[in-house]
Amino acid sequence: MESTKPQLALIGGGKMGRALVQGMIDAGFTTADRVTVGDRNTDSQAWWKQNVPQAKVTADSKTAVEAADVVLLAIKPHGVPAVVAELKRTARKSLLISVAAGIQLGTLVRQFGCSRVVRVMPNTPSLVGAGASAYCCGDDVSSEDAAYVDGMLSSVGKAFRVDDKLMDAVTGVSGSGPAYVCMIIEALADGGVLSGLPRDLAMQLATQTVLGTATLIQQTGSHPAVLKDAVASPGGTTIAGIAALERGGLRNTLISAVQAAALRGEELGKG
Ligand SMILES: NC(=O)C1=CN([C@@H]2O[C@H](COP(=O)(O)OP(=O)(O)OC[C@H]3O[C@@H](n4cnc5c(N)ncnc54)[C@H](O)[C@@H]3O)[C@@H](O)[C@H]2O)C=CC1
Ligand SMILES: O=C(O)[C@@H]1CCC=N1
């Protein structure tokens, strides 16, 4: 990679593409004038023109990748084969990155016909610099390329290099995880409203509690079970709540949710 800020082509400027690239721009990892977005949807094009006016926007993905050092594919998994077939001749000179759930590294390498390919599983908190991403690299990805990808993902959160065989499990935990956490926050707030709190206050308390607890775990390095026990007094309020959670199967349900998402990722990879 010659420049510290290479030309980036984002193919598919939807929810995940926006979260990643907007996050990267906000973090100063790249600048909007080095970004070209290729998206065939006019609403998506309009969003980029309005929100990131310095980025180039085009309906023609081939044009978008022509001058790109890095091509970031953020289209739905089922659309990947057709888009790769369309772009592979033009894009083969570039570092190729896919965030599509389920599409294995080996499949991407076969479809592109080259191994300078990185498979990434990011998540939407990347938009606010709090993402959790994992990535795996094809055989022709240089250490410089890998450092670029690690830097890109680290600019919007935490990045972990893993083996491709772990990527569907990663998808189940952190790729899909923001949806589960949103449901947990929503349900905590609903419980607050049921118990008499105004909605806005309940939502703020629930959100801050999830954020604060996650920060506490990260900053102290304590096991969650230890921090849980520290909240639960004998005969107190928390153990009454915990007993209700165990009756409802919270932990088993979350374990099953992660496994279901990981299995769905495997299915998507089979086409
Ligand atoms: N949404 C999420 O939280 C996450 C999504 N992903 C992956 O990111 C990818 C994109 O997902 P989302 O952003 O949620 O979907 P999305 O539907 O919001 O965005 C996809 C974008 O691709 C565009 N597009 C479709 N076909 C195209 C083509 N042939 N050429 C150019 N643009 C085209 C669409 O117009 C749309 O703007 C998926 O593969 C998904 O598995 C990965 C991690 C998390
Ligand atoms: O639901 C999906 O398929 C995507 C992949 C990971 C998160 N959202």
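Procedures and definitions
- Note on numbering: residues in each chain are counted from 1, in written sequence order.
- Chains carry letters from A onward and ligands carry numbers from 1 onward, assigned in written order.
- In keeping with the predicted nature of the model, local features appear solely for residues at pLDDT of at least 70, side-chain atom pairs appear and are counted solely at 80 or more, and the whole-chain, interface and lining totals rest on all residues.
- Just so you know, side-chain values use all the structure's heavy atoms and leave hydrogens and water out.
- UniProt positions are given in the numbering used here, feature names are shortened, and annotations may be inferred rather than shown by experiment.
- Strand pairing is defined by DSSP finding a minimum of two bridges between the two strands.
- Secondary structure follows DSSP: runs of H or I at least 4 residues long count as helices, runs of E at least 2 residues long count as strands, and numbering of each begins at the N terminus.
- Only the contacting stretch of a helix is used when fitting its axis, a line to C-alpha atoms as for every element, and angles between N-to-C directions run 0 to 180 degrees.
- Residue contacts are counted whenever heavy atoms from the two residues lie within 4.5 Å of one another.
- Buried means the residue's accessible area, taken with a 1.4 Å probe over protein chains only, is under 20% of the maximum for its type, while exposed means over 50%, and partly exposed covers the values in between.
- Polar contact is the term for a pair of N or O atoms within 3.5 Å; when the atoms are in protein, one must be able to donate a hydrogen and the other to accept it, and sequence-neighboring residues count only if both atoms are side-chain atoms.
- Nearness of a residue to a molecule or strand requires only that one of the residue's heavy atoms be within 4 Å of it.
- Accessible surface area values rest on a Shrake-Rupley calculation with a 1.4 Å probe, where residue burial reflects the displayed protein chains alone.
- A 1.4 Å probe that fits into a set of points on a 1 Å grid over the protein atoms alone but cannot get out defines a cavity; an open set with protein on both sides within 12 Å along at least five of seven lines defines a pocket, and lining residues are those with an atom within 4 Å of a point.
- Cavity and pocket membership follows a simple rule, namely that a molecule belongs there if more than half of its atoms are within 2 Å of the grid points.
- The classification used treats Ala, Val, Leu, Ile, Met, Phe, Trp, Tyr, Cys and Pro as nonpolar, Asp, Glu, Lys and Arg as charged, and all other residues, Gly among them, as polar.

Identification of the chain as Pyrroline-5-carboxylate reductase from Rosistilla ulvae is taken from an unreviewed UniProt entry. According to UniProt, the comment filed for the chain under the heading Subcellular location (unreviewed entry) is "Cytoplasm". What the UniProt record of the chain gives under Function (unreviewed entry) is the line "Catalyzes the reduction of 1-pyrroline-5-carboxylate (PCA) to L-proline."

1. So, the sheet that holds strand 1 (residues 8-11)
Across the sheet, eight strands lie side by side as 3-2-1-4-5-6-7-8; this open sheet has mixed pairing. Strand pairing shows two members of the sheet lacking a second neighbour, strand 3 (56-58) and strand 8 (157-161), which therefore form its edges. Sheet twist, expressed as the mean angle between neighbouring strand axes with direction ignored, is 20 degrees. Of the pairings in the sheet, the one linking strand 4 (residues 70-73) to strand 5 (residues 95-98) comprises four bridges and is parallel in character. For Val71, the partnering residue across the bridge sits in strand 5 and is Leu96. Running at roughly 140 degrees to strand 6 (residues 117-121), helix 5 (residues 105-112) makes contact with strand 4, strand 5, strand 6 and strand 7 (131-137) of the sheet.

2. A few points about the environment of Ser176
Mapped onto the elements of the fold, Ser176 is located in the loop between helix 7 (167-175) and helix 8 (177-194). Take Ser176: its relative accessible area is 24%, and that puts it in the partly exposed class. Residues Ser176 and Ala257, 81 residues apart in the sequence, show an inter-C-alpha distance of 9.4 Å. Sequence-distant contacts of Ser176, that is, excluding residues within four places in its chain, are made with Thr171 and Ala261.

3. With respect to the environment of Asp60
Here Asp60 shows up in the loop between strand 3 and helix 3 (61-66). For Asp60, a relative accessible area of 34% translates into the label partly exposed. Considering only alpha carbons, one finds Asp60 and Asp39, 21 residues apart in sequence, at a separation of 7.2 Å. A polar contact is formed between the side chain of Asp60 and the backbone nitrogen of Lys62, at a distance of 3.1 Å.

4. So, the site of ligand 2
Every residue near ligand 2 is listed here: Ala101, Thr171, Gly175 and Ser176. Computed on the free molecule, ligand 2 has an accessible area of 250 Å², of which 47% lies beneath the protein chains in the complex. Using a 2 Å cut-off from the grid points, one finds that ligand 2 occupies the second largest pocket. Residues that form the shell around ligand 2 fall into these classes: one nonpolar, three polar and no charged.

5. Things to note about the site of ligand 1
Near ligand 1 you find 22 residues, and of these Lys15, Met16, Asp39, Ile75 and Ala101 are the closest. One of the backbone nitrogen or oxygen atoms of Lys15 is found 2.9 Å away from an oxygen atom of ligand 1. In the model, an oxygen atom of ligand 1 is placed 3.0 Å from a nitrogen or oxygen of the Ala101 main chain. Most atoms of ligand 1, that is more than half of them, are within 2 Å of grid points of the second largest pocket. Here the residues of the shell around ligand 1 are counted per class, giving 10 nonpolar, eight polar and four charged.

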